Amino acid sequence: LFALRMQASDKLAQKQETTKEAALAPSLTLMRDALSTDLKPAIRMAITTNLAEKLSAAGKHKEALTLLENLLANLATGEEKARVLIMAAKQAAHLGSLPALKKAISLYETAADIDSPYANRARARMAAILSWINQGDKAKEILLGILRSKESLEAEDLAHTYTVMADVYAMDGTKEGQAEALIACENIWNLEEISEQWKTRAHLQHAIYCSRFRMHDRALADYLSILATCPASGADPHPEEWFILYSAGAGAVAEHLQLKNYEGAAKLAEQIAAWPHPVGTPRPHSEAYGPQAKRFAEWAESIRRTHYLKPGTQP
């Protein structure tokens, strides 16, 4: 019943033009009211974790953390507790202060000590935070420990470990660290059982590091390989597809500019502005432009004006 009421309130809020926080408010109220009643433990668990996720989405990380910590006090050790510990650690990490980051490390460490499918995930996330607070050597030690038993890891847990490893090595500021960071990304897209979403994420991470390490040709190749998968080309693209398209598109345009390929940069910006239709092709009235189409069109115009290029075809 609570789930149906929350779905109904979410649908109604989506139809109204309002802020993200205002759209979440009805669901938050419903769940808070539900938790003030006498509930079975399983239902209380489901509503509490759902409420914590929505609070996090609204940027209320401190409230979400308090809610999860209260829930933890009543949970026996086991897989369920490990999952909630990881959720709580994530909220603590979002707060960003040094005490909050240390709390996140402690929560992840507790989760890692529980025999559950989440143990290695907790260790990898703990390593990520350790690298943020200048404990990179300890982070590497944890990650290498996870990889010693990589044959027994699920593909996603292995991919997540490589992702964190790439971040940790990229921070050490050495040529060796740069090489290891790129290898870690490449290890992800070479995993046989990994999803296309993970491969795309790994290519984006690889591209960002290539750009940071001044390997602009390699970064451009990464971004173009992502665009070649044609994200956000369906009838009703998901916001994540638009995010991938615009991240890769902006990265590729920037790399063209770094390589002084100004015509290529302008043409690509025009292409992203018109996406998924060819530049200059009339768009059906039933199809809207992407949410950042105007930004890319203006960027293309600015590139052409700044570098004295001929006007391009309008998107």
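This section reports on the structure supplied with the text. (Residues numbered from 1 in each chain as written. Predicted model: local features only at pLDDT ≥ 70, side-chain atom pairs only at ≥ 80, totals over all residues. Heavy atoms only, no water.)

Observations regarding a negative patch on the surface
Put simply, the rule is: Surface patches are defined over residues having more than 30% relative accessible area and no salt bridge, joining like charges when they lie within 9 Å and nonpolar side chains (Val, Leu, Ile, Met, Phe, Trp, Tyr) when within 5 Å. A 1.4 Å probe and the Shrake-Rupley method give the accessible areas. Residues count as covered only by the protein chains that appear here. By definition here, a salt bridge exists when the distance from a side-chain nitrogen of Lys or Arg to a carboxyl oxygen of Asp or Glu is within 4 Å. The convention is simple: Lys and Arg are positive, Asp and Glu are negative, and His and the chain ends are not counted. A charge is said to be at NZ when it belongs to Lys, at CZ for Arg, at CG for Asp and at CD for Glu. The helix and strand labels rest on DSSP assignments: H or I over at least four residues marks a helix, E over at least two residues marks a strand, and numbering proceeds from the N terminus.
A cluster of acidic residues, Glu154, Glu156, Glu192 and Glu193, forms a negative patch at the surface. In this structure, Glu156 sits in helix 9 (residues 155-170).

Examining unusual backbone geometry
Rule in force here: Think of it in three bands: residues with accessible area under 20% of the maximum for their type are buried, residues over 50% are exposed, and the middle band is partly exposed, with areas taken using a 1.4 Å probe on protein chains only.
Cis geometry marks the peptide bond from Trp275 to Pro276; its omega dihedral reads 5°. Within the secondary structure layout, Pro276 lies in the loop between helix 14 (262-274) and helix 15 (293-306). Residue Arg214 is not a glycine yet carries a positive backbone phi of 65°. Locating Arg214 in the fold gives a position in the loop between helix 11 (196-212) and helix 12 (216-227). What makes Arg214 exposed here is its relative accessible area of 72%. A positive phi is found at Cys230, a non-glycine position, where the angle reads about 55°. Note that Cys230 resides in the loop between helix 12 and helix 13 (239-258). The exposure class of Cys230 is partly exposed, given its relative accessible area of 42%.

As for the packing of helix 7 (residues 119-132) against helix 8 (residues 136-147)
The condition is simple: Under this scheme, a helix contributes an axis fitted over its contacting stretch, all axes are lines through C-alpha atoms, and angles between N-to-C directions fall in the 0 to 180 degree range. Oblique is the label for every angle not falling under 35 degrees (roughly parallel), over 145 degrees (roughly antiparallel), or within 65 to 115 degrees (roughly perpendicular). In a left-handed crossing the near helix is turned counterclockwise from the far helix by less than a right angle, and in a right-handed crossing that turn is clockwise. Contacts are residue-level and defined by heavy atoms, with any inter-residue pair within 4.5 Å sufficient.
With their axes 8 Å apart at the nearest point, helix 7 and helix 8 run at an angle of 160° to one another. By the angle between their directions, the pair helix 7 and helix 8 is classed as roughly antiparallel. Note on packing geometry: the crossing formed by helix 7 with helix 8 is left-handed. Every residue of helix 8 that contacts helix 7 at Asn120, Arg123, Ala124, Met126, Ala127, Leu130 and Ser131 is listed here: Gly136, Lys138, Ala139, Ile142, Leu143 and Ile146.

Some words on helix 4 (residues 61-72)
Going by this rule: Expected span, for any helix, means 1.5 Å times one less than how many residues it has. By definition, the arc is the one covered by directions from the helix axis to the C-beta atoms.
With 12 residues, helix 4 should cover 16 Å at 1.5 Å per step; its first-to-last C-alpha distance of 16 Å lies within 8% of that length. Among the residues of helix 4, His61, Ala64, Leu65, Leu67, Leu68, Leu71 and Leu72 are the ones counted as buried. Looking straight down helix 4, one finds that the buried residues subtend no more than 165° of arc, so they occupy a single side. Exposed and oriented more than 90 degrees from the buried face of helix 4 are Lys62 and Asn70.

Side note on the pattern of salt bridges
Here the structure, examined in full by the defined rule, presents 8 salt bridges. Two residues, Lys103 and Glu69, come together in a salt bridge whose shortest N-O distance is 3.0 Å. Residue Lys103 is located in helix 6 (residues 98-112), and its partner Glu69 is located in helix 4; the two are separated by 34 residues in the primary sequence. Lys103 sits in the partly exposed class, given a relative accessible area of 36%. For Arg304, the salt bridge identified is with Glu270, shortest N-O distance 2.7 Å. Here Arg304 is found in helix 15, whereas its partner Glu270 is found in helix 14, with 34 residues between them in sequence. Taking relative accessible area as the criterion, Arg304 reaches 7% and is therefore assigned buried.

Here's the deal with the packing of aromatic side chains
Selection rule: Each aromatic pair joins two rings of Phe, Tyr and Trp (for Trp, the six-membered one) with centres within 6.5 Å, and gets the label stacked for planes under 30 degrees apart, edge-to-face for over 60, and tilted for any other angle.
As enumerated under the stated definition, the model contains 4 aromatic pairs in all. Taking 5.8 Å as the distance between ring centres and 10° as the angle between the ring planes, the aromatic pair formed by Tyr209 and Phe213 counts as stacked. Phe213 sits in the buried class, given a relative accessible area of 10%. Of the aromatic side chains, those joined through ring pairs into one cluster are Trp242, Tyr246, Phe296 and Trp299.

Remarks on the state of the cysteines
Note the following rule: Disulfides are defined in this document as cysteine sulfur pairs within 2.5 Å.
Tallied over the full model, the rule gives 0 disulfides. The thiol of Cys185 is unpaired, and the distance to the nearest cysteine sulfur, on Cys210, comes to 8.1 Å. Residue class for Cys185 comes out buried when judged on its relative accessible area of 0%.

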